[in-house]
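Here are the chains, one letter per residue:
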Amino acid sequence: MTAAMRPGMSACPACSAAPAAEALADVTAPQDVNIVLSLPSIHCAACISGVERALSAQDGVLGARVNLTLKRAQIEALPDMTAATLVDVLGKAGFEAHELDATALRATETDKAGRDLLMRLAVAGFAAMNVMLLSVAVWSGADGPTRDMFHWISAAIALPTIAFSAQPFFKHAWTALRAGRLNMDVPISLAILLAVGTSLWETSLSGKHAYFDAAITLTFFLLAGRYLDHRTRAAARSAAEELAALEVPRVSRLTADGEEQVAMSELSIGDLIRVRPGGRMPVDGEITDGQSELDRSLLTGETRPIFAGPGQIVSAGEVNLTGPLTIRASAVGRDTSLHRMADLVAVAESGRSRYTSLADKAAKLYAPGVHILSALAFAGWYIYTFDLRTALNIAAAVLIITCPCALGLAVPAVTTAASGRLFRKGLLIKDATALERMAQVDTVVFDKTGTLTAGTPQATNLGDHSRRDMSIALALAEGSSHPLSQSLATAISDAGVKPERVTDITEIPGFGAQGVWKGHTVRLGRASWVGGGESHDTTAWLKVGDIEATPFTFEDQIRDGAEALVKQLQQDGFDVVLMSGDTTPAVEAFANRLGISKWVAEALPEDKAEKVQALTQDGAHVLMVGDGLNDTAALAGAHASISPATALDAARVASDVVLLGGSLEPVADALSTSRVAIRRIRQNFSIATWYNIIAVPLAVAGLCSPLIAALAMSTSSITVSLNALRLR
Amino acid sequence: MNVLAYLIPVSLILGGIGLVAFVFTVKSRQYDDPEGAAQRILSDDYDDKPKS
C-alpha cells in the first residue's frame, strides 16, 4: 500500500503511476480504477492529512492525494472499492464528500495547452531580459565592433526564441490567411518576422538599428495576454466540468440475476431500470412496475407533482419522489427527449454566434489599416530615396510601433480581472464574450420554478387547522420522504406542535401516508385518494376518520435574494419579464408577489424561445435566467444567459454564466461588473490608440529608434494592464 | 572591454539555469495545487521520517 503513496504519484502520473501499476499487477488483477471525490469543505493542512489518513487506512485504497486548490481527492483503489464506501468513510471522519465522474474530469487533468503556453512565455521572458540587457548597452552609446557583436549575440538569442515562442501567432495567422481572413495575429506575425528579418540584414551590414529586443518583447507581452486569456477560460471550464461530473451517470439495471450498476452509456432499448425515490429518470421509457409521484418541474415548470403508475410514459430528467419505479427504456442516450432538446438549442444558438467580440471588431479595422500604413511608408521612402534598406527599415519600425501589443492585452487583462471578481461572488463566466454581451442587456427574462423560487414548497395555511389536525399531520408526514411531507413536518414542528401517537404508519407510493389514530384511519396525501376537493395550488389533504378532508396548501419558496434582485433591476431601469410553464393562477400570484407586471404562463419550451426571439426583434437585448429543460432553447437564444448550479446539465451547457451559490443577488453584480469591464476595455483601446497616434508619425518620419519603439511598447502595455487591474 | 567575454556567457548561463529550473517545475506539475503545497508544509505528518 505504501509503495503507491509516494509523493510522486499524482505529481506526475505518466512517469510514476506506470511503474506503480506494474508493481501492482503482480499482486492483484490489473484494473485501473480511479476514484475522484469532491471535498467542498476542506480548507487547511489538518484537513489534508485527515482526509488522506482516513482514505489510506481503508483496505483496498492504494493511494490517495488531496488537491486543495481544486478541493478534490484523487484515489487509486482496487476494483472492488466503490466511491460510496469512501464517501461514507469521509463522512464519518467529518468531511463532506461527493463522488465525481472521473471520465468527465479527464479533460481538465492534463491541461497541456496551458503548460505549453506557460513554457513559451517563460522562454520569451528569459530571452527578452537578456536581449534587453545587450540593447541597453547599444542605446547608451556602444558602437563599432562592440555594437555589432552585441547585435549578433542578440540575434543568436532572438532567432531560436522567436521560432519557439511565437509559434502560436504564426499558426493562427496562417490558418486565418488560408481562410482568406485577416485577424490580429497577421499583423503580429508580420511585424515579428519583418523586424527580425530587417534586423538581421542591418546587423550583417553593421547597421545602427536592430529591433531584436522589440520583436522579443512583443512576443513576451502578447504571450502574457494569451496566457491570461487561457487561464481564465480554463478555470471556468474546469469548474463547469466539475458541476457536470457531480452527476455520475450510473443506473441500476435489472437483469435475470438481479440488479447491477452500469454506466448510462451501456444501456440499450428494452432494458429494465430501477429508479429509487429521489432519483432522476436516466432515460425515456414506460413504467412497468411501482407507483410513485413525479416532479416534472425541470422539464415543464409545473410545481405540482403528478401521479405515476404502470403504463405511464416518463421522460429523462423527471424526478421520482416516493416509491421505487421500474422502467422499460424506450429511448436511450442521444435519442432521449433530453437530448432532442439539443436540436432546438442548436437552432437558437446560431443567432448568438453571429456576435463579434470587441477585440474582433477592433482587429477588423486595425489589421488592414496597419498593413496599408506600413506599405505606404515603405513606398513613400523608396520613391523618395531609392534606398531599399532605409525603406524596409522604416516599414519594420511602423509595424512594430503599431503592433497591437496593448490591444492584445487590453481585452484579456480586463476579462481576467472581471471574471476573477465575479468568481469570488459565486458567478462562473463560461463564455469568452459573455461579459461584453451582458453589458448590452436591457431586458431580463426570468423563469419561475427553480430560478426565482428555490424549488422547495412551503406550507401556507397552517393557521386554518386545529392543533389536533396539525399533530396528526405531523406524525404522518414525519414518516415520509416526499418533499411536501418533509416541508410540512418542519413547518409544524417549528410551530411548536408535538406529533400525536399514530400507529401502523405506511407510505403508499404515489398516494400518500396512512395510519391509525385512536382507532380511526388517518390519511395524508393526494386529493383523489383522501377524498378532498379541487385546488389550484399544490395541496396535500388530511382526512381524520370520517370527517371531511382538510387541505394543507403549499407555495413555492422564493429564492434567496430574488425579491431584492427584481427590485434592484427595476430600479436600474431594466425591463423584467416572468415566463413560466406553470399554471396561470400560480404564475399570476407569484408575479404579483414580486411586483413583476409582465408575465407569461403555461409557456412551452418553443413559446419561451419564440418570446425571447420576439423581444430581440423588437431591439431588446435579453438576459435569460432559467434552470429547466424547458428554458434551454430560450437560454441559448437570448443575448446572454444565466443558470443556477442546481439546473439541469443541458441548461447549464446552454448558458454563458453559472450561478454557484443559492442566492440570486450576484446577478445584479454581474450586470454592473460587465458594464464596468466594457468601459475599461474601451478605455484600454483608446489608450492604445493614443500611443499609436503619437508614435506612428515618428515612425513614418523615420525618427523612431529602437529605443523609442521599446519605450512606447512597454509603457502602453503596462498602462493597459494597470488600468485593467483597477477592476479587481 | 575584455571582461565582456566572461560577463555575457555568465549572465546567459545564470538566466539559463533559472529557465531550466522553471521548465522542470512546470513539467513536474508543481503548479497544479499551489494552495495545497502552501498548507502541506504546516502539517507535521512527515516531520520524523519522509513519506515512504
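Source: prediction; values computed, not measured.

Student: Please explain helix α3 (residues 45–56) of chain A as it appears in this structure.
Tutor: Structural remark: α-helix, 3.6 residues per turn; residues separated by three or four positions point the same way. Along its 12 residues, α3 of chain A runs 17 Å from first to last C-alpha, staying within 8% of the 16 Å computed at 1.5 Å per residue. Within the sequence span of α3 of chain A, burial applies to Ile48, Val51, Glu52, Ala54 and Leu55 of chain A. Buried residues along α3 of chain A cover an arc of 165° about the axis, so they all sit on one side. In this structure, the buried side of α3 of chain A is in contact with β2 (61–67), β3 (72–77) and α4 (83–92) of chain A together with α2 (34–40) of chain B.

Student: Can you help me understand unusual backbone geometry in this one?
Tutor: Residue and element names in this part refer to chain A. The backbone of serine 206 sits at a positive phi, close to 45°, despite the residue not being glycine. As for its placement among the helices and strands, serine 206 is situated in the loop between α9 (185–204) and α10 (212–245). The exposure class of serine 206 is exposed, given the 12 C-beta atoms found within 10 Å.

Student: It is not clear to me how the confidence of the model for chain A should be interpreted in this structure. Could you clarify?
Tutor: Close inspection of predicted coordinates is inappropriate in any region flagged by low pLDDT. Residue and element names in this part refer to chain A. In the predicted model, chain A carries a mean pLDDT of 80, and 89% of its residues have values of at least 70. Element-level pLDDT for chain A is lowest in helix α1 (residues 8–11), with a mean of 36, against a maximum mean of 91 in helix α7 (residues 145–165). Low pLDDT, under 50, characterises residues 1–31; the predicted model gives this stretch 35 contacts beyond four residues in sequence or across chains.

Student: Any chance you could explain the pairing of strand β19 (residues 520–525) of chain A here in plain terms?
Tutor: Each regular strand carries side chains that alternate between the two faces of the sheet. Residues and elements named next belong to chain A. With six bridges joining them, strand β18 (residues 512–517) and β19 adopt antiparallel strand pairing. Residue pairing across strands places glycine 512 opposite glycine 525, the latter belonging to β19. Taken together, β18 and the strand that follows it, β19, pair antiparallel across an intervening segment of two residues, in which lysine 518 is found at a positive phi of about 50°. Note that β19 and strand β20 (residues 538–544) share four bridges and pair antiparallel. Residue pairing in the sheet places glycine 525 in a bridge with tryptophan 541 of β20.

Student: When you look at the interface of chain B and chain A in this model, what are you seeing that I'm missing?
Tutor: How big an interface is tends to be stated in terms of the accessible area lost upon association of its parts. Facing 23 residues of chain B, the contacting portion of chain A comprises 24 residues. For the side of chain B that touches chain A, the secondary structure elements donating two or more residues are α1 (4–27) and α2 of chain B. Sorting elements by how many residues they give to the side of chain B that touches chain A places α1 of chain B first, with eight residues. Partitioned by chemical class, the residues of the side of chain B that touches chain A number nine nonpolar, seven polar and seven charged.

Student: Explain the sheet that holds strand β12 (residues 319–320) of chain A to me, please; I cannot follow it from the model alone.
Tutor: Within a beta sheet, neighbouring strands are joined by backbone hydrogen bonds and run either parallel or antiparallel to one another. Residues and elements named next belong to chain A. Across the sheet, three strands lie side by side as β10-β9-β12; this open sheet has antiparallel pairing. The open sheet has two edge strands with one neighbour each: β10 (306–308) and β12. In the sheet, strand β9 (residues 292–295) pairs with β10 via three bridges, with the strands oriented antiparallel. Note that in β10 the partner of serine 292 across the bridge is alanine 308.

Student: Just checking my understanding: could you explain the domain arrangement of chain A for this structure?
Tutor: The domain architecture assigned to chain A consists of domain 1 (2–100), domain 2 (111–248 + 345–441 + 621–728), domain 3 (250–343) and domain 4 (456–556). One C-alpha centre belongs to domain 2 of chain A, the other to domain 3 of chain A; they are set 48 Å apart.

Student: I'm lost on the confidence of the model for chain B in this one. Help?
Tutor: Taken as a whole, chain B shows an average pLDDT of 82; of its residues, 94% reach a score of 70 or greater. The ipTM value of the predicted complex is 0.82, and its pTM value is 0.73.

Student: Can you walk me through the environment of leucine 727 of chain A in this structure?
Tutor: Residue and element names in this part refer to chain A. Topologically, leucine 727 is positioned in the segment after α27 (706–725). Along the sequence, leucine 727 and alanine 418 sit 309 residues apart, while their C-alpha atoms lie 6.3 Å from each other. Ignoring any residue separated from it by four or fewer positions in sequence, one finds leucine 727 in contact with Val414, Ala417, Ala418, Arg421, Val676, Ala677 and Arg680.

Student: I'm lost on the sheet that holds β18 of chain A in this one. Help?
Tutor: All names here are of chain A. Judged by pairing direction, the sheet is antiparallel, and its six strands sit side by side in the order β16-β21-β20-β19-β18-β17 without closing on themselves. Both edges of this open sheet fall to β16 (453–459) and β17 (503–508), since each of them pairs with a single strand only. Strand-to-strand twist across the sheet, computed as the mean angle between neighbouring axes with direction ignored, equals 20°. When β16 meets strand β21 (residues 550–558), the two strands line up antiparallel, connected through four bridges. Within the sheet, the bridge partner assigned to alanine 459 lies in β21 and is phenylalanine 554.

Student: How should I be thinking about α4 of chain A in this particular structure?
Tutor: All names here are of chain A. All of the buried residues along α4 are Ala83, Leu86 and Leu90. The buried residues of α4 occupy one face: seen down the axis, they fall within an arc of 60°. Residues Ala84, Asp88, Gly91 and Lys92 are exposed on α4 and point more than 90 degrees away from its buried face. Of the residues trailing α4, glycine 94 is marked for its positive phi of about 95°.

Student: Any chance you could explain the packing of helix α6 (residues 112–139) of chain A against α1 of chain B here in plain terms?
Tutor: Running from amino to carboxyl end, α6 of chain A crosses α1 of chain B at an angle of 170°, the nearest separation of the two axes being 10 Å. In terms of orientation, α6 of chain A and α1 of chain B fall into the roughly antiparallel class. In contact with Arg115, Leu118, Met119, Ala122, Val123, Phe126, Met129, Asn130 and Leu133 of chain A of α6 of chain A, α1 of chain B contributes Ser11, Leu12, Gly15, Leu19, Phe22, Val23 and Val26 of chain B. The residue makeup of the contact of α6 of chain A with α1 of chain B, split by class, is 12 nonpolar, three polar and one charged.

Student: Looking at this structure, how should I read the environment of glutamine 74 of chain A?
Tutor: All names here are of chain A. Mapped onto the secondary structure, glutamine 74 falls in strand β3. The exposure class assigned to glutamine 74 is buried, which follows from the 21 C-beta atoms found within 10 Å. When the C-alpha atoms of glutamine 74 and alanine 113 are compared, they prove to be 22 Å apart, with 39 residues separating the residues in sequence.

Student: How do you make sense of the nonpolar core when you look at a structure like this?
Tutor: All names here are of chain A. By size, the foremost hydrophobic cluster in this structure holds 138 residues, and its most contacted members are Ala215, Leu218, Ile400 and Ala410. Among the elements that make up this core, the one with the highest residue count is helix α26 (residues 666–700) (13 residues). Residues Ile472, Leu474, Ala491 and Val544 belong to the second largest nonpolar core, which totals 25 residues.

Calculation notes
- Residues numbered from 1 in each chain as written.
- Chains lettered and ligands numbered in written order.
- Predicted model: local features only at pLDDT ≥ 70, side-chain atom pairs only at ≥ 80, totals over all residues.
- Helix = DSSP H or I, 4+ residues; strand = E, 2+ residues; numbered from the N terminus.
- Expected span 1.5 Å × (residues − 1).
- Buried ≥ 20, exposed ≤ 12 C-beta atoms within 10 Å, placed from the backbone.
- Arc of directions from axis to C-beta.
- Contact = placed C-beta atoms within 7 Å.
- pLDDT = per-residue confidence, 0-100.
- Pairing = 2+ DSSP bridges.
- Nonpolar A, V, L, I, M, F, W, Y, C, P; charged D, E, K, R; others polar.
- Domains from an automatic or database assignment.
- Axes fitted to C-alpha atoms, helices over the stretch in contact; angles between N-to-C directions.
- Parallel < 35°, antiparallel > 145°, perpendicular 65-115°, else oblique.
- Core = buried A, V, L, I, M, F, W, Y, C linked by C-beta atoms within 7 Å.

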